[in-house]
Amino acid sequence: MSLLQISDPSKTNDELKKFVVGIDLGTTNSLVATYYEDCDIFDDRLKVYKDNSSGLIPSVVSIDQSGNIMVGVEAVNNLDKTNTTYISSIKRIMGLSYQDMKSIEFINDLKIINGKNNLPYIDVYNNRYSAVEISSKILSHLKKIAESQENKSLDGAVITVPAYFNDVQRQATKNAAKLSGINVLRLLNEPTAAALAYGLESEETGSFIVYDFGGGTFDVSVLSLEKGLFKVLSTDGDTNLGGDDIDNILSYWLIDNFLFLKNYKFSKVKEIAKSLKESISSINDDECSSITIDNHDIVLPKKIFHELINPILDRTFNIVKNAIFESKLAPADIKNIILVGGSTRIKCIKELLTNKFKCNVLNDIDPDKVVAHGAAIQASLLSGNNKENILLLDVLPLSLGIETYGGLAEKIITRNTPIPIKLRKTFTTFKDGQSKLLINVVQGERELVEDCNSLGEFILKDIPSMVAGGPRIDVDFQIDADGILSVSATETTTGNSSFIEIKPSYGLTEADITRMINESNNSAEVDVQLRKLNESIVEGKRVIYALEQALKSDGKELLSKDEFNIITDKLQSLKLSITSEDSVLIEKNINELEKESEFYVERRMNNSIKSFIAGKGIDDIL
Ligand code: ADP
Ligand code: MG
């Protein structure tokens, strides 16, 4: 039954509108905002909800011994309190297993234990919290702030995630939202959100870059925008490159040049460095940033600051170059670079990017708010509050496929394909009468399954008994707009089908993704040879299997003793060569065996025709 929506005439337009927000769930800070597209004054269209006096809400949670939980500004105030545990940067471990966690930098004085399903749990005074639970506390806090300021309950939210977040990290984010009672309209990639914020404001079309330089991470995405259609062409980044690294370098310089600082804790020096850094963006090139600490004047000339940070900025520019290369665009095709993240407030970044990439650098929208801004616009679009409709396309960070016989990875959707997408490939069985097929879903660029990441597996059962190669099995890969993958396999003659939504117990970090891509580039030649070898082994085994089955059933009957021996000798040579790791030799043996047994295949065919027509009248046959 369908219901017609009948509007209540006593309600104003505003009351009928859904209350939806965009949430930038950041590593260091989060924002929650709503978008009024009808507002005439552009600057007033975005309303950012504040926690105390700031819209930048620290993504931190504090838990005391009695189990009292504080989030945001109030949690920050508990930083130095005793008997209180302080949890920050939880986003870094979202969707990771206990083992994965060890390979990333998650600097916290926390007690982490290996819990259920191999997930890391934070032990706080004998209570255990998963990353999803901690993240849900932050989301609940954002929800509460927005609801209490509007005096309305929230209908839905668009939440942003890094473009490189894999399936598990996205699912974890969705679960956190579910736990906090937020209806997720969509997960949106952070750079896409930034693009959306600018796309609606200006009439720009063409290809551009989102340069997101935050506190701990650096992300680049190359996008194209045409008549309201956004497409992420490629992404790259470094999970351990951000404002924090600048603070470290500056701290070492300060300790070397202002000796009294040697007696200070490093964290205190870092605080001084951070404050000098943040104030330097508002002064002229020939001036100094200064601060007085315990009656000592600390002075940082802007020229020296630039010299110190140059190597870090160069690292970001190299990553940009690589992302452009991956997008397959020529550098001249890029029109704009959008600046996102607090660290892009460093003034020379704009100038350097303009000179290096010969394009226009956009920083009109506050780099702290631009992601939340885009998410709020998208939320408004999805809720139907806005008449325009924008289709957003994102890109797959690593290729996806399935394992085929011989441990080979057959790609179904290749890396950097825009999503959402649905693709199908057809497969068949390897053995006669094979009734089951194991579908192992793999992620990665390499040719062999053992070098890829297995995301999950399922079995397609009840395949009707047919000769090898007979059944047609359609494998469908579908990735929705949130980047979540579902795989189904259907045997087409019977329509039997099996299905899996990928929710593996652990995921990949961006560093893993970069490593896997690099490994695949470095080993492309070796992989091709290995693939060739594996294919020849699979083909060899198929020939051996088929011939052995035939010899068993009618070899003695149709072949003389000599003929039988020649074929079994050749069969033996092929069997031996299969272990040789020499694809040329295997192929040679396959060819020889096929040649030697040609006459036998012919006899078998004649024989089966004979037995088919035996005892039948001509009318039965034609
Ligand atoms: P994240 O995306 O990691 O949550 P943000 O985008 O909020 O991080 O950026 C935080 C970083 O921005 C910090 O390292 C902070 O020192 C830096 N930052 C903020 N303002 C300035 C400024 N004026 N100059 C240089 N860096 C700044
Ligand atoms: Mg950010």
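Just so you know, these numbers come straight off a predicted model, no measurement behind them. (Residues numbered from 1 in each chain as written. Chains lettered and ligands numbered in written order. Predicted model: local features only at pLDDT ≥ 70, side-chain atom pairs only at ≥ 80, totals over all residues. Heavy atoms only, no water.)

Enquirer: Which parts of the structure should I look at to understand the overall build of the protein chain?
Expert: Secondary structure assignment for the protein chain yields 17 helices and 29 strands. Every one of the 622 residues in the protein chain was classed for burial, and the buried ones make up 52%. Counting contacts in the protein chain only where the partners sit at least 6 residues apart, residues at least 24 apart contribute 65% of the total. Here the protein chain displays about 30900 Å² of accessible surface, and carbon together with sulfur accounts for 49% of that area. (Helix = DSSP H or I, 4+ residues; strand = E, 2+ residues; numbered from the N terminus. Buried < 20%, exposed > 50% of the residue type's maximum accessible area, 1.4 Å probe, protein only. Contact = heavy atoms within 4.5 Å. Areas by Shrake-Rupley, 256 points an atom, 1.4 Å probe, with all protein chains shown as cover.)

Enquirer: What's the story with the sheet that holds strand β8 (residues 111-114) in this structure? I'm lost.
Expert: Sheet strands pair by backbone hydrogen bonding; their relative direction is either parallel or antiparallel. Reading across the sheet, the three strands line up as β8-β9-β10 and stay open at both edges, with antiparallel pairing between neighbours. Each edge of the open sheet is held by one strand with a lone partner, namely β8 and β10 (127-130). On average, each strand axis in the sheet is tilted by 40° relative to the strand beside it, whichever way the strands run. Here helix α4 (residues 131-150) sits on the sheet and contacts β9 (120-124) and β10; the angle it forms with β10, its principal contact strand, is near 80°. (Pairing = 2+ DSSP bridges. Axes fitted to C-alpha atoms, helices over the stretch in contact; angles between N-to-C directions.)

Enquirer: Where do I start with the pairing of strand β28 (residues 485-491) in this structure?
Expert: Sheet faces and side chains relate simply in a regular strand, where the side chains alternate between the two faces. Of all the seven residues making up β28, seven are buried; the element is thus mostly covered by neighbouring parts of the structure. Residue alternation in β28 divides its side chains into two sets, L485, V487, A489 and E491 and S486, S488 and T490, and both sets are buried. Alignment of strand β27 (residues 473-479) against β28, held across seven bridges, turns out to be antiparallel. Each residue of the ladder has a partner; that of I473, found in β28, is E491.

Enquirer: Looking at this structure, how should I read the packing of helix α9 (residues 302-327) against helix α10 (residues 348-357)?
Expert: Each packed pair of helices is defined by two parameters, the angle between the axes and the distance between the axes. It is at 11 Å that the axes of α9 and α10 come closest, and there the two elements cross at 45°. What the angle tells us is that α9 and α10 run oblique. Crossing geometry of α9 relative to α10 is assigned as right-handed. Residues H306, I309, L313, D314, F317, V320, K321 and I324 of α9 lie in contact with α10, whose contacting residues are C348, I349, L352, L353, K356 and F357. In the contact of α9 with α10, the residues fall into 10 nonpolar, one polar and three charged. (Parallel < 35°, antiparallel > 145°, perpendicular 65-115°, else oblique. Left-handed = near helix turned anticlockwise from the far one by under 90°. Nonpolar A, V, L, I, M, F, W, Y, C, P; charged D, E, K, R; others polar.)

Enquirer: In this structure, what is going on with the site of ligand 1? I would like to understand it.
Expert: In the vicinity of ligand 1, 16 residues are found, and the nearest of them are T28, G215, K277, E278 and G342. K277 has a polar side-chain atom sitting 2.7 Å from an oxygen atom of ligand 1. Take E278: an N or O atom from its side chain is 2.7 Å from an oxygen atom of ligand 1. In isolation ligand 1 offers 580 Å² of accessible surface; the protein chains occlude 86% of this area. When residues of the shell around ligand 1 are assigned to their parent elements, the largest contribution, three residues, is made by helix α8 (residues 266-280). (Near = heavy atom within 4 Å. Polar contact = N/O pair within 3.5 Å; in protein donor to acceptor, adjacent residues only side chain to side chain.)

Enquirer: Would you explain the confidence of the model for the protein chain in this entry?
Expert: Caution applies to low-pLDDT regions: their predicted coordinates should not be interpreted in detail. Here the protein chain shows a mean pLDDT of 83. Residues at 70 or above account for 85%. Confidence scores differ between elements of the protein chain, with helix α17 (residues 618-621) showing the lowest mean pLDDT of 40 and strand β1 (residues 20-25) the highest of 97. A low-confidence stretch, residues 1-13 (pLDDT under 50), is modelled with three contacts involving residues beyond four sequence positions or located in other chains. Across residues 503-507 the pLDDT falls below 50, and counting only partners more than four positions away or on other chains, this stretch makes 17 contacts in the model. (pLDDT = per-residue confidence, 0-100.)

Enquirer: Before we go on, may I ask you to explain the pairing of strand β16 (residues 288-293) in this structure?
Expert: With six bridges joining them, β16 and strand β17 (residues 296-301) adopt antiparallel strand pairing. Residue pairing for β17: S290 is matched across the bridge by V299. The hairpin formed by β16 and β17 contains two residues between the paired strands, and D294 there has a positive phi angle of roughly 45°.

Enquirer: Help me out: how do you make sense of the packing of aromatic side chains in this one?
Expert: The description of an aromatic ring pair rests on the distance of the ring centres and on the angle between the ring planes. Taken as a whole and assessed by the stated rule, the structure comprises eight aromatic pairs. With a centroid separation of 6.3 Å and 80° between ring planes, the pair formed by F19 and Y49 is classed as edge-to-face. Placement of the pair is F19 in the loop between α1 (13-16) and β1 and Y49 in the loop between β3 (46-48) and β4 (57-58), with a sequence separation of 30 residues. Comparing F19 with Y49, the two get one shared label, buried. Centre to centre, the rings of F213 and F218 are 5.6 Å apart; their planes meet at 85°, and the pair counts as edge-to-face. Overall, the relative accessible area of 0% leaves F213 in the buried class. (Phe/Tyr/Trp six-rings, centres within 6.5 Å; stacked < 30°, edge-to-face > 60°.)

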